[in-house]
Amino acid sequence: MRYDFDEIIDRRATDSIKWGLYAEDVIPMWVADMDFRSAEPIIRALRMRVDHGVFGYSRTSEMLSRAIQDRMHRLYGWVISPQEIIYIPGIVTGLNIAFQAYCAPGEAVVAQPPVYFHFLRDPVRHGRILKDPPLVPHGNRYEIDFEELERAITPDTRLFVLCNPHNPVGRVFTEQELTKLAEICLRHDIIICSDEIHCDLVFPPHRHIPVASLAPEIESQTITLMSPSKTYNLAGLECAYAVIKNPEIRKIWKDFSYGMIPGINIAGHVAALAALDQGQDWLNQVLKYLQRNRDELLEYVRAQMPSISVTDVEATYLAWLDCRDTGIEATPSEFFLKNARVALSDGAEFGQGGENYVRMNFACPRKILFQALDRMKSALKPA
Ligand SMILES: Cc1ncc(COP(=O)(O)O)c(C=O)c1O
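In this text the structure is predicted, and so the values were computed from the model without any measurement.

Chemist: Explanation requested: the overall build of the chain in the structure shown.
Modeler: Helices and strands together make up the secondary structure of the chain, namely 13 helices and 15 strands. In terms of C-alpha radius of gyration, the chain reaches 21 Å, essentially the compact-globule figure of 21 Å for 383 residues. Referenced to the eigenvectors of the C-alpha coordinate spread, the extents of the chain come out at roughly 65 × 55 × 35 Å. Across the 383 residues in the chain, those meeting the buried criterion constitute 46%. Within the chain, contacts between residues at least 6 apart in sequence are counted, and of these 73% link residues at least 24 apart.

Chemist: It is not clear to me how the site of the ligand should be interpreted in this structure. Could you clarify?
Modeler: The local shell around the ligand holds 13 residues, among which Ala 32, Gly 90, Ile 91, Val 92 and Asn 167 are the closest. Residues of the shell around the ligand, tallied by class, amount to 8 nonpolar, 4 polar and 1 charged.

Chemist: Would you explain helix α10 (residues 266-278) in this entry?
Modeler: In an α-helix there are 3.6 residues to a turn, and that puts residues three or four apart on one side. Taking 1.5 Å as the rise per residue, α10 with 13 residues should run 18 Å; its terminal C-alpha atoms sit 18 Å apart, in good agreement. All of the buried residues in α10 are Gly 268, His 269, Val 270, Ala 271, Ala 272, Leu 273, Ala 274 and Ala 275. Close packing links the buried residues of α10 with α2 (40-52) and α3 (62-76).

Chemist: What is the right way to look at helix α12 (residues 332-340) in this model?
Modeler: Of the residues making up α12, those classed as buried are Pro 332, Ser 333, Phe 335, Phe 336, Leu 337 and Ala 340. Each element contacted by the buried residues of α12 is listed here: β13 (342-343), β14 (345-346), β15 (357-361) and α13 (366-380).

Chemist: Sorry if this is basic, but what is going on with the domain arrangement of the chain here?
Modeler: How big an interface is tends to be stated in terms of accessible area lost as the parts join. Domain boundaries assigned for the chain yield domain 1 (12-40 + 280-380) and domain 2 (54-278). With centres defined by C-alpha atoms, the gap from domain 1 to domain 2 works out at 25 Å. The interface is formed by 27 residues belonging to domain 1 together with 29 residues belonging to domain 2. Listed by contribution, the elements that provide at least two residues to the side of domain 1 that touches domain 2 are α11 (280-304) and β12 (318-322). In terms of residues, the side of domain 1 that touches domain 2 owes the most to one element, α11, which gives 4 residues. Looking at side-chain class alone, the side of domain 1 that touches domain 2 contains 12 nonpolar, 9 polar and 6 charged residues.

Chemist: Whenever I open this one, the nonpolar core confuses me. Can you help?
Modeler: Side chains of nonpolar character tend, in soluble globular proteins, to be buried together. Counting 116 residues, the largest nonpolar core has Leu 159, Tyr 241, Ala 271, Leu 321 and Val 342 as the members making the most contacts within it. Take this core: its biggest share by element is 6 residues, from α10. Two domains each donate at least three residues to this core, and these are domain 1 (12-40 + 280-380) and domain 2 (54-278). Residue contacts for Leu 159: discarding those within four places in its chain leaves Ala 98, Phe 99, Tyr 102, Cys 103, Val 109, Ile 190, Ile 191 and Cys 193.

Chemist: What is the right way to look at the packing of α11 against α13 in this model?
Modeler: Any two packed helices are characterised by the angle at which their axes cross and by the distance between the axes. For the pair α11 and α13, the least separation of the axes is 11 Å and the interaxial angle reads 15°. Taken together, the axes of α11 and α13 lie roughly parallel to each other. Along this stretch, α11 crosses α13, giving a crossing that reads as right-handed. Contact with α11, carried on its side by Asn 293, Leu 297, Tyr 300 and Gln 304, involves Arg 366, Leu 369, Leu 373 and Lys 377 of α13 and no other residues of that element. Grouping the constituent residues of the contact of α11 with α13 by class yields 4 nonpolar, 2 polar and 2 charged.

Chemist: In this structure, what is going on with the pairing of strand β2 (residues 85-88)? I would like to understand it.
Modeler: With burial as the criterion, each face of β2 is covered, one bearing Ile 85 and Tyr 87 and the other bearing Ile 86 and Ile 88. As judged from the 4 bridges shared by β2 and strand β10 (residues 240-244), these two strands associate in the antiparallel manner. In the sheet register, Ile 88 faces β10, and the bridge partner there is Ala 240.

Chemist: Could you clarify how one ought to interpret the sheet that holds strand β7 (residues 157-163) in this entry?
Modeler: Within a sheet, neighbouring strands are paired by backbone hydrogen bonds and run either parallel or antiparallel to one another. Sheet architecture is open: 7 strands sit in the order β2-β10-β9-β8-β7-β3-β4, paired in mixed fashion. Of all strands in the sheet, those with a lone pairing partner are β2 and β4 (129-131), marking the two edges. Each adjacent strand pair in this sheet contributes to an overall mean axis angle of 25°, direction not counted. Taken together, the 5 bridges between β7 and strand β8 (residues 191-195) define a ladder with parallel strand orientation. By the bridge assignment, Phe 160 is partnered in β8 with Ile 192.

Chemist: Can you walk me through the environment of Pro 133 in this structure?
Modeler: As for its position among the elements, Pro 133 is in the loop between β4 and β5 (136-138). Along the primary structure Pro 133 and Gly 351 are separated by 218 residues, whereas in three dimensions their C-alpha atoms are 10 Å apart.

Chemist: Can you walk me through the packing of helix α4 (residues 91-101) against helix α5 (residues 118-125) in this structure?
Modeler: Two elements in contact, α4 and α5, have axes separated by 10 Å at closest approach and are oriented at 45°. With respect to α5, the axis of α4 lies oblique. In this structure, α4 crosses over α5, and the sense of that crossing is right-handed. Across from Val 92, Leu 95, Asn 96 and Phe 99 in α4, the residues of α5 making contact are His 118, Phe 119, Asp 122 and Pro 123. Among the residues making up the contact of α4 with α5, the classes are represented as 5 nonpolar, 2 polar and 1 charged.

Chemist: Looking at this structure, I do not really get the sheet that holds strand β11 (residues 309-310). What am I missing?
Modeler: Ordered by their spatial adjacency, 4 strands build an open sheet running β11-β12-β15-β14, and the pairing between neighbours is antiparallel. Edge positions in the sheet fall to β11 and β14, since each has one partner strand and no second.

Chemist: Where do I start with the environment of Met 72 in this structure?
Modeler: With respect to the secondary-structure elements, Met 72 resides in helix α3. A sequence separation of 62 residues divides Met 72 from Asp 10, and the C-alpha atoms of the two residues are 35 Å apart.

Analysis parameters
In this convention, every chain numbers its residues from 1, walking through the sequence in written order. Reporting in this predicted model follows two pLDDT cut-offs: at least 70 for local features of residues, and 80 or more for side-chain atom pairs to be given and counted; totals over whole chains, interfaces and linings ignore these cut-offs and use all residues. Each helix corresponds to a stretch of at least 4 residues labelled H or I by DSSP, and each strand to a stretch of at least 2 residues labelled E; elements are numbered beginning at the N terminus. Just to be clear, the radius of gyration here is over C-alpha atoms, and the globule rule we use is 2.2 Å times residues to the power 0.38. Between the buried cut of 20 or more and the exposed cut of 12 or fewer other C-beta atoms within 10 Å of a residue's own C-beta lies the partly exposed class, and all C-beta atoms are placed from the backbone. Remark: residues whose backbone-derived C-beta atoms lie within 7 Å of one another are considered to be in contact. Residue proximity rests on one test: whether the C-beta atom, placed from the backbone, lies within 6 Å of the molecule or strand. Any residue outside Ala, Val, Leu, Ile, Met, Phe, Trp, Tyr, Cys, Pro, Asp, Glu, Lys and Arg is labelled polar, Gly included; the first ten of those are nonpolar and the last four are charged. Expected helix span is given by 1.5 Å per residue-to-residue step, counting one fewer step than there are residues. What fixes the domain bounds is an automatic or database domain assignment. Joined through C-beta atoms within 7 Å, a set of buried Ala, Val, Leu, Ile, Met, Phe, Trp, Tyr and Cys residues constitutes a nonpolar core. Throughout, an axis means a line fitted to C-alpha atoms (over the contacting stretch in the case of helices), and angles, computed between N-to-C directions, take values from 0 to 180 degrees. When describing relative orientation, an angle under 35 degrees is termed roughly parallel and one over 145 degrees roughly antiparallel, while 65 to 115 degrees is termed roughly perpendicular and anything else oblique. Each crossing gets its hand from how the near helix is turned against the far one by less than a right angle, where anticlockwise is left-handed and clockwise is right-handed. Pairing between two strands requires that DSSP report at least two bridges joining them.

Here's what the structure looks like:
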């Protein structure tokens, strides 16, 4: 089936966070969800389940765990077993379990900003110490300063939280980088919590590698968080999972969550299974569409808004725009909201190194993307 990602779908009356927060004349390019209709097999599976009409307590089927197990093996050569998969409603839930279950109040978590804000805010909110050695921009891409990272680790550091592929800087870390990162964590005996929610939204020639798949000693010290929610735009259905190979680390997770953290609901379960079983065709098509959006966005910004620098986007549908040379006096996200009526994520939310940047979500029909870019360009022109 051929999907039409150019179709403009009105989401305003659907309780969408993205479309509900701002006035009607604002184009929302902020929170990370896509404005595309879901894959037909997912919609069909949900419809059939709704038509059944009985929604009592449910359990996660073996079939879903087998589908995840097969996927890990097929894509990454990584062998996992169903009992190593723990279902959770979302990745943010998983991050917070990790921050609290493996790290006592007063102990430290390491994250590398600019990064998804929950990595930075949530440990602190729960009384943990945040160490934040930043990623370093080199030309159009960000790199890890391994020495800085190692210096940030103290004897009371318990957890390193990795974002790969990276939101917002769009990196897909290489095997060499991941190996070096993991070696540092192993040397200091800290657990790696690897948020790989964007793992399917990777553009060629880049290739996602789960850090845990690199070696047995790495997998036994790693919690891998994945979800079909970004890949298939199912965030509202709340279905995610952690893969934890090490039985002791898994037990701590389960003991901590017992009675507090539900698994996944019926709708999330049905959608995830349909996505993993029959969603590849939609995914191939959406990736092509996103890749063209990315290419055209980068070309537009570089040619027509030269005071903004944009980082290369190896993965995700998020572009990271450096507005420091624009001469904008206000915060750039406020400037574009007021003068272009385009809502972007404020770079400062992503921690140090994000000030005066904005993040732009380009997972929308191309016509909307260009409307937003044209408005931003006009707003930048002196009156
Ligand atoms: C890196 C990263 N982790 C987690 C999430 C949110 O995950 P969830 O909705 O499953 O809690 C996002 C959403 O933007 C993200 O970019």
